[in-house]
Amino acid sequence: MEISKTKIITQQKLAVPKPYGIIWDMDNTLLRTHIDFRLMHKRVCSYLAEKNLLVPDYAQKTTAEVLMEMKSFPYYDADYGAAAWSIVRDVEKMGMEEAKLEPGVLEVLAALSQEAHMVVLTNNSQVPAEMGLIENGVIELFDGIYGRESVPDLKPSSAGVLQILGIFSHVPRENWLLVGDAGIDARAAIGAGIAFGSYTGSRQEDLAIYRPVVQFCAWQPDCAREIINFLGYRLGK
């Protein structure tokens, strides 16, 4: 399969409408990657500090938040932004090498894809995200892949979620669920008015304040039924 076929895939899948929609985070939710987010944050912040573009409270913000907020500086220059994102891509590339599916997730995805539109929303770059799913043999289970070049703003912004809801407009908002492992996923879901489900990840501590409607410590076959039961309950089935 060629790269960057998200629009074609989506058009094909829309021809068979389904009653539910599930938006998936990718890193450490679908794929067990080795992206060193602390290293990424450190390198990006060091570069921005050299250019006097480091935002206040940067230590409490994700790399994506730091990069989005740097644009508010009056002396921000697109070349600085491009250089900062290049640092991100380098760290992502290292971490995506030999990325594998989270244990048990294939069976869950296969079951859910029969009953729900399945979309990936990741802050990662588009092509490496697609490559990771292609190499693990699961891209055909999804109705669309949306990396950072494909959405207006990155998570925790809800812009990507709202974009997806607009594309799959036949699915009511209450029939959507976003599944992810971090606080930025929860905030993106809540901001768009859809439910959030959590999967145990490296940043589980972020989730203490969010109350996910479903929560999984490991992917097992009955996880798919639990998700559909939740969505079906909201649909009134």
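Residues numbered from 1 in each chain as written. Predicted model: local features only at pLDDT ≥ 70, side-chain atom pairs only at ≥ 80, totals over all residues. Heavy atoms only, no water.

1. As for the pairing of strand 4 (residues 116–121)
For clarity, the cut-off: Only protein chains enter the calculation, and the probe is 1.4 Å; a residue is then buried if its accessible area is under 20% of its type maximum, exposed if over 50%, and partly exposed in between. Secondary structure elements follow DSSP: runs of H or I no shorter than four residues count as helices, runs of E no shorter than two count as strands, and numbering proceeds from the N terminus. Strand pairing is assigned whenever DSSP identifies at least 2 bridges connecting the two strands. Handedness of a crossover is defined as follows: orient the strands so they point away from the viewer, and if the path from the first strand over the helix to the second runs clockwise, the crossover is right-handed.
Extensive coverage of strand 4 is indicated by the burial of 6 of its 6 residues. Of the two faces of strand 4, the one holding Ala116, Met118 and Val120 and the one holding His117, Val119 and Leu121 are both buried throughout. In the sheet, strand 4 pairs with strand 5 (residues 144–146) via 3 bridges, with the strands oriented parallel. Each residue of the ladder has a partner; that of Val120, found in strand 5, is Ile145. Tracing the backbone out of strand 4, into helix 6 (residues 126–135) and back to the parallel element strand 5 gives a crossover that is right-handed.

2. Remarks on the layout of surface pockets
To keep it simple, the criterion reads: Of the grid points, spaced at 1 Å and generated over the protein atoms alone, those admitting a 1.4 Å probe that cannot get out make up cavities, while open sets with protein on both sides within 12 Å along at least five of seven lines make up pockets; any residue with an atom within 4 Å of a point is treated as lining. Grid points are joined across faces, edges and corners, and a volume is the space filled by probe spheres set on the points. All amino acids are sorted into three groups, where Ala, Val, Leu, Ile, Met, Phe, Trp, Tyr, Cys and Pro are nonpolar, Asp, Glu, Lys and Arg are charged, and the leftover types, Gly among them, are polar.
Reported here for the second largest pocket is a volume of approximately 250 Å³. Going through the elements one at a time, helix 3 (63–69) and helix 4 (78–96) are the ones with two or more residues in the lining of the second largest pocket. For the lining of the second largest pocket, the element with the most residues is helix 4, which contributes 4 residues. Of the residues in the lining of the second largest pocket, the class split is 8 nonpolar, 1 polar and 5 charged.

3. With respect to the environment of Asp57
Here Asp57 shows up in the loop between helix 2 (37–50) and helix 3. Separated by 92 residues in sequence, Asp57 and Glu149 have C-alpha atoms that sit 26 Å apart.

4. A closer look at the nonpolar core
The following threshold applies: To form a nonpolar core, buried Ala, Val, Leu, Ile, Met, Phe, Trp, Tyr and Cys residues must be joined to one another through side-chain atoms within 4.5 Å.
Grouped together as the largest cluster of nonpolar side chains are 54 residues, with contacts concentrated most on Ile22, Trp24, Leu48, Leu112, Leu133, Phe142 and Trp219. In this structure, Val151, Val171, Trp176 and Ala188 belong to the second largest nonpolar core, which totals 19 residues.

5. Focus: the sheet that holds strand 8 (residues 214–216)
Worth spelling out the cut-off: All axes are obtained by fitting lines to C-alpha atoms, using only the stretch in contact for helices, and the reported angles, taken between N-to-C directions, cover 0 to 180 degrees. Here, two residues are considered to be in contact whenever any of their heavy atoms come within 4.5 Å of each other.
A sheet is described by the order of its strands in space; here 6 strands give the open sequence 5-4-1-6-7-8, paired in parallel fashion. Here the strands that pair on one side only, and so sit at the sheet edges, are strand 5 and strand 8. Taken pair by pair, the neighbouring strands of this sheet meet at an average axis angle of 20°, ignoring direction. Judged from the 5 bridges that link them, strand 1 (residues 20–24) and strand 4 form a sheet pairing that is parallel. Bridge pairing in strand 4 links Trp24 to Val120. Each of strand 1 and strand 4 is contacted by helix 5 (residues 105–112), which is oriented at about 150° to strand 1, the strand it contacts most. Helix 7 (residues 159–167) contacts strand 1, strand 4, strand 5 and strand 6 (176–180) of the sheet and is inclined by roughly 150° relative to strand 4.

6. Observations regarding the environment of Tyr75
Going by this rule: Pairs of N or O atoms within 3.5 Å make up the polar contacts considered here, provided that, within protein, one atom can donate a hydrogen while the other can accept it, and that residues adjacent in sequence are counted only when both atoms are side-chain atoms.
On the secondary structure map, Tyr75 appears in the loop between helix 3 and helix 4. The exposure class of Tyr75 is partly exposed, given its relative accessible area of 44%. Linking Tyr75 and Asn52, residues 23 residues apart in sequence, is a C-alpha distance of 9.0 Å. A polar contact is formed between the side chain of Tyr75 and the backbone oxygen of Asn52, at a distance of 2.7 Å.

Note that every value here comes from positions in space, so none of it alone points to a role or purpose.
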